[in-house]
Amino acid sequence: MSTLEIKDLHVSIETEQGTKEILKGVSLTIKTGETHAIMGPNGSGKSTLASTIAGHPRYTVTSGSITLDGEDVLAMSVDERARAGVFLAMQYPVEVPGVTMTNFLRTAKTAIDGEAPALRTWTKDVKAAMAQLRIDADFAQRNVNEGFSGGEKKRVEILQLELFKPKFAVLDETDSGLDVDALKVVSEGVNRAHEGGNMGTLLITHYTRILRYIKPDFVHVFVDGQVVEEGGPELADRLEEEGYDRYATGAATIAAAAQA
Amino acid sequence: MTDITTEKARIGAPSAQPFIDGFTEEGESLSPINAGTAGSTAAAPSAGPLAGDSAKSHSHGGGVGIPDSSRAGRLTSYQLADFKPLTGLEEDWRFTPLKRLRGLHSEVLSGAAPAVAVTAPAGVVVETVGRDDKRIGQAGIPEDRVSANAWENFAEATVVTVPAEFEAEGEISVVVTGAGEEASAQHIVIVAERFSKSVVVLEHQGTAIVSENVEIIVEDGAQLTVISLQEWNDNAVHASSQQAKLGRDAKFKHIVVSLGGDLVRVTPSARFTAPGGEAEMFGLYFADAGQHLEQRLFVDHAVANCKSNVLYKGALQGRNAHAVWVGDVLIRKEAEGTDSYEANRNLLLTDGARADSVPNLEIETGLIEGAGHASATGRLDDEHLFYLMARGIPEDVARRLVVRGFLNEIIQQIKVPALEERLTAAVERELAVSDN
């Protein structure tokens, strides 16, 4: 049983107009076996949270903490975080020219486990996982994400999730840009990874659509860098009907109150 | 305040170095490399009352060394005397440190030529011939003083002929082994006769101070790949003019791989003489501290309906690692239906390295399929590193993966498995040098 704990997290980025605060005090606790959905309108800071957990250098944590079973995640480098068991399925996976998927997957698996995977079972595992996600076998020989469609890139992210077996998975808008079929395939992959019982999931999404396939235990609504409402799966249903509009006024009220 | 240090924020971030050597706020200073050489003082117009230091800093060499207005107008001659002594301010020498040419431009090239050993499948004809052989001078004519110097001084030439319609099984290996540190001249002729198919690997190794002319004739319908490997010892100096003449429907692939040597300057060209020809020119170079690796190529679209594609990729690491790439593509008025693209990409792995990249494209007709040129020089992409590191891969391993991947695009073009493996290993060794 592991715990990923985010406490009063403040994060800013440097822009041409100066420093801009994106996350304004976020607290969340995720335990093994739980699925937390983070929902919110564009620009609310959802993806910033995901990238900050993974350690993207663009984001500066100004205060607060992230710990994994008490270990200070913020003190770890990007690769140390991954080896500690944090996985980020990226919203826009980058293409890495000249590096084949096969080479990449094996190198990453070796780094995460601290030893090279047994060649025969590994090849079989990769093939099986690719087949389940309906990724063509020839993708193994292609360069990482190069020339992949949006949907293929997302499937390859989930492929890695299934192969690397992290303690916590952060899915950054994995559902965006997917058609219904691809969404189902990807969701099944996440559910398989979850069924192992050794993973906690932070699912970041703009839409409620993916929540028909991946059932969240908790839903957190993000507006303007803060969690404005929390609840169980029923909150997602309500968002489906009402959208985010009612929070817009809420945020304005909060801002007005802060200024007063 | 949480201690997320600048350590992580600076992965691959640009250095704070304010300017590039040889560049001022106003742009490039011509030929910083050759400033102060004996030749350049003679040519620099510094004595006049109106040409003080301040005036000079605003001029591009004070009227000396103005680039040719067109590549078509470049002087070519078999006679050394037709080329003026070099000053380093000439357009085509401005990036080359003349001092390090060890006399290739100024001395009689009387040293022993590097030994040539050819291994070829049965059926391929290998000859050593004298200067008066009629095949010499068919594909090439010197375009610069160093090449003309070799032309004037070579004693004998190696001629490799792939007979008409012959399809060579396995590659033809031409191993050129340096014979020492006396300036020398070399001449090699490769003839791919009509409808033949072959791969020639030209390997340069050992220690030499050599100017080399390689003439390549690709006759009608022939398919020829020439791979020129420069894996010299650290003290070698090598200038190589590799000129190819392409017949009707000829397919020519040229790959330059420069890894070793103190100064290596390869000047390949492909000239189309009949329609339907195709030229692919690739290059890979890895410049270490102090190394000067230069490549200047020329594609001459002189006739209609030919295709060319050029891609050179280089990595540089260490102080004063210097790479130069100049790509001249000329599409003449007659060359309607031309399809052409050239690109150069450089990865600067450390501070203190310098890459000069100049893609020149001259187009004299609008009736073409396409013409493009591109150049990009940069550091490792932070997003590539982040992606790999976010999968647990340590930074040094991630860097190596990305650089290897970057150069692999050229290695994949070779299609000789044993050679591909050897070059992959050579790139690994280069990467291991400074643990990038």
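Along each chain, numbering runs from 1 in the same order as the chain's sequence is written. Note on labels: chains are lettered from A, ligands numbered from 1, in written order. Where local features are concerned, this predicted model is filtered to residues with pLDDT of at least 70; where side-chain atom pairs are given and counted, the filter is 80 or more; whole-chain, interface and lining totals use all residues. Working from all heavy atoms in the structure, the side-chain values ignore hydrogens and water.

An unreviewed UniProt entry lists chain B under the name Fe-S cluster assembly protein SufD, with Arthrobacter cavernae as the source organism.

An unreviewed UniProt entry annotates chain A as Fe-S cluster assembly ATPase SufC originating from Arthrobacter cavernae.

A. Highlighting the overall build of chain B. A run of H or I in DSSP becomes a helix once it reaches four residues, and a run of E becomes a strand once it reaches two; helices and strands are each numbered from the N terminus. When helices and strands are tallied, chain B shows seven helices and 20 strands. Residue burial in chain B is summarised as follows: out of 436 residues, 55% are buried. Whether two residues are in contact is decided by their heavy atoms: any pair within 4.5 Å suffices. Contacts in chain B between residues far apart in sequence, at least 24 positions, make up 86% of those at least 6 positions apart. Reported accessibility uses the Shrake-Rupley method at a 1.4 Å probe radius. Residues are deemed covered only where the shown protein chains occlude them. Only carbon and sulfur atoms are counted for the fraction: they give 50% of the accessible area of chain B, which is about 17,700 Å². Three labels apply to residues, based on accessible area from a 1.4 Å probe with only protein chains included: buried if under 20% of the type maximum, exposed if over 50%, partly exposed otherwise in between.

B. The overall build of chain A, seen in detail. Assigned secondary structure in chain A consists of eight helices and 12 strands. With 260 residues in all, chain A has 52% of them scored as buried. On chain A, roughly 11,400 Å² of surface is accessible, and the fraction owed to carbon and sulfur atoms is 49%.

C. Summary view of the sheet that holds strand S9 (residues 168-172) of chain A. Residue and element names in this part refer to chain A. In this analysis, strands are considered paired if DSSP registers two or more bridges between them. Here six strands make up an open sheet; going across it, the order is S6-S9-S10-S3-S11-S12 and the pairing mixed. Looking at which strands have only one partner, the edges of the open sheet turn out to be strand S6 (86-89) and strand S12 (226-231). If you compare each strand with its neighbour and ignore which way they point, the axes differ by 20° on average. Across five bridges, strand S11 (residues 218-223) lies against S12 in antiparallel orientation. Note that in S12 the partner of Val-219 across the bridge is Gly-231. Across the sheet, helix H5 (residues 150-164) touches S6 and S9, and the angle it forms with S6 is around 165°. Those strands touched by helix H7 (residues 233-242) are strand S3 (35-39), S11 and S12, and its axis lies near 110° from that of S12. A fitted line through C-alpha atoms represents every axis, and for helices the fit uses only the stretch in contact; the resulting angles, taken between N-to-C directions, go from 0 to 180 degrees.

D. Spatial organisation of the packing of helix H4 (residues 119-132) of chain A against H5(A). All names here are of chain A. For the pair H4 and H5, interaxial distance at closest approach is 10 Å and the crossing angle is 140°. Taken together, the axes of H4 and H5 lie oblique to each other. In this structure, H4 meets H5 at a crossing whose hand is right-handed. Contacts from Trp-122, Asp-125, Val-126, Ala-129, Met-130 and Gln-132 in H4 reach Leu-159, Glu-162 and Leu-163 in H5. When residues are grouped by polarity, Ala, Val, Leu, Ile, Met, Phe, Trp, Tyr, Cys and Pro land in nonpolar, Asp, Glu, Lys and Arg in charged, and all others, Gly among them, in polar. Across the contact of H4 with H5, the residue classes tally to six nonpolar, one polar and two charged. Oblique is the label for every angle not falling under 35 degrees (roughly parallel), over 145 degrees (roughly antiparallel), or within 65 to 115 degrees (roughly perpendicular). A clockwise turn of the near helix away from the far one marks a right-handed crossing, whereas an anticlockwise turn of less than a right angle marks a left-handed crossing.

E. Quick look at the packing of helix H3 (residues 101-113) of chain A against H4(A). Residues and elements named next belong to chain A. In contact at an axis separation of 12 Å, H3 and H4 are set at 120° when each is read in the N-to-C sense. Viewed along their axes, H3 and H4 adopt a mutual orientation that is oblique. Once H3 is placed against H4, the crossing between them reads as right-handed. Mapping the contact onto sequence places Leu-105, Arg-106 and Lys-109 in H3 and Leu-119, Trp-122 and Val-126 in H4.

F. How the structure looks around the interface of chain B and chain A. Across the contact, 25 residues belong to chain B and 40 residues belong to chain A. The working definition used for a salt bridge is a side-chain nitrogen of Lys or Arg within 4 Å of a carboxyl oxygen of Asp or Glu. Where chain B packs against chain A, one counts one salt bridge. Glu157(A) is paired through a salt bridge with Arg391(B); the nearest N and O atoms lie 2.5 Å apart. Residues adjacent in sequence count toward polar contacts only when both atoms are side-chain atoms; beyond that, a polar contact is any pair of N or O atoms within 3.5 Å, and within protein one must be able to donate a hydrogen and the other to accept it. Linking chain B with chain A are nine residue pairs in polar contact (both at pLDDT 80 or more), by the criterion used here. Contributing elements (two or more residues each) for the side of chain B that touches chain A: helix H1 (6-9), helix H5 (382-389) and helix H6 (395-411) of chain B. With eight residues, H6(B) is the largest single contributor of residues to the side of chain B that touches chain A. When its residues are assigned to classes, the side of chain B that touches chain A shows 14 nonpolar, five polar and six charged.

G. Structural view of the packing of aromatic side chains. Pairing of aromatic rings covers Phe, Tyr and the six-membered ring of Trp, with a centre-to-centre limit of 6.5 Å; geometry is then stacked below 30 degrees between planes, edge-to-face above 60, and tilted otherwise. Within the structure shown, the criterion is met by six aromatic pairs over all chains. Summarising the aromatic geometry, the rings of Tyr78(B) and Trp151(B) are spaced 4.8 Å apart at their centres and angled 50° between planes, so their arrangement reads as tilted. In this pair, Tyr78(B) sits in the loop between helix H3 (53-58) and strand S3 (115-119) while Trp151(B) sits in helix H4 (residues 145-153), placing the two residues 73 residues apart along the sequence. Ring-pair connections join several aromatic residues into one group, and the members of that group are Tyr78(B), Trp151(B) and Phe154(B). The aromatic ring of Phe139(A) is capped on one face by Arg142(A), whose charged end is 4.5 Å from the ring centroid. Taking NZ or CZ as reference, Arg131(B) lies 4.6 Å from the ring centre of Phe154(B), over its face. Over a ring means this: the NZ of a Lys or the CZ of an Arg is within 6 Å of the ring centre and within 35 degrees of the ring normal.

H. Representation of the confidence of the model for chain B within the structure. Residue and element names in this part refer to chain B. Along the chain, pLDDT gives the predictor's confidence residue by residue, from 0 to 100. The share of residues in chain B with pLDDT of 70 or more is 84%, and the mean pLDDT across the chain is 87. Taken as a whole, residues 1-18 scores under 50 in pLDDT and shows 32 contacts with residues more than four places along the chain or in a different chain. For residues 37-67, every residue scores under 50 in pLDDT, and the model assigns this stretch 26 contacts once sequence neighbours within four places are set aside.

I. Structural detail: the pairing of strand S2 (residues 18-31) of chain A. Residues and elements named next belong to chain A. Where strand S1 (residues 3-15) meets S2, 11 bridges bridge the pair, whose relative direction is antiparallel. In the strand pairing of S2, Ser-12 is matched with Glu-21. Hairpin geometry of S1 and S2 is characterised by an intervening segment of two residues between the two adjacent antiparallel strands.

J. Spotlight on the nonpolar core. Among the buried residues, those of types Ala, Val, Leu, Ile, Met, Phe, Trp, Tyr and Cys that are joined through side-chain atoms within 4.5 Å form a nonpolar core. If you look at the biggest cluster of nonpolar residues, it comprises 118 residues, and the most contacted ones within it are Leu9(A), Leu49(A), Leu105(A), Leu161(A) and Val403(B). Sort the elements by how many residues they give to this core and H6(B) lands first, with eight residues. Ranked by size, the runner-up nonpolar core spans 51 residues in total, among them Leu202(B), Val299(B), Ala335(B) and Ala353(B).

K. Geometry of the sheet that holds strand S4 (residues 60-68) of chain A. All names here are of chain A. If you trace the four strands from one edge of the open sheet to the other, you get S2-S1-S4-S5, paired in antiparallel fashion. The open sheet has two free edges, formed respectively by S2 and strand S5 (71-72), since each of these has just one partner strand. Along the sheet, helix H1 (residues 46-54) contacts S1, S2 and S4; its crossing angle with S1, the most-contacted strand, is approximately 105°.

L. Here's a closer look at H4(A). Residue and element names in this part refer to chain A. Given the number of residues in a helix, its expected span is that number minus one, multiplied by 1.5 Å. With 14 residues, H4 extends 20 Å from end C-alpha to end C-alpha; this agrees with the ideal 20 Å at 1.5 Å per step. Of the residues making up H4, those classed as buried are Trp-122, Val-126, Ala-129 and Met-130. Looking straight down H4, one finds its buried side chains confined to an arc of 100°; they lie on one side. Structural note: H4 exposes Arg-120, Lys-124, Lys-127 and Ala-131 on the side pointing more than 90 degrees away from its buried face. In this structure, the buried side of H4 is in contact with H3 and H5. Comment: arc refers to directions from the helix axis out to C-beta atoms.

M. Spatial organisation of H3(A). Residue and element names in this part refer to chain A. A rise of 1.5 Å per residue sets the reference length of H3, with its 13 residues, at 18 Å; its end C-alpha atoms lie 18 Å apart and thus fit the reference within 8%. Turning to H3, its buried residues are Met-101, Phe-104, Leu-105, Thr-107, Ala-108, Lys-109, Ala-111 and Ile-112. Looking one or two residues beyond H3, the residue adopting positive phi is Gly-114, at roughly 80°.

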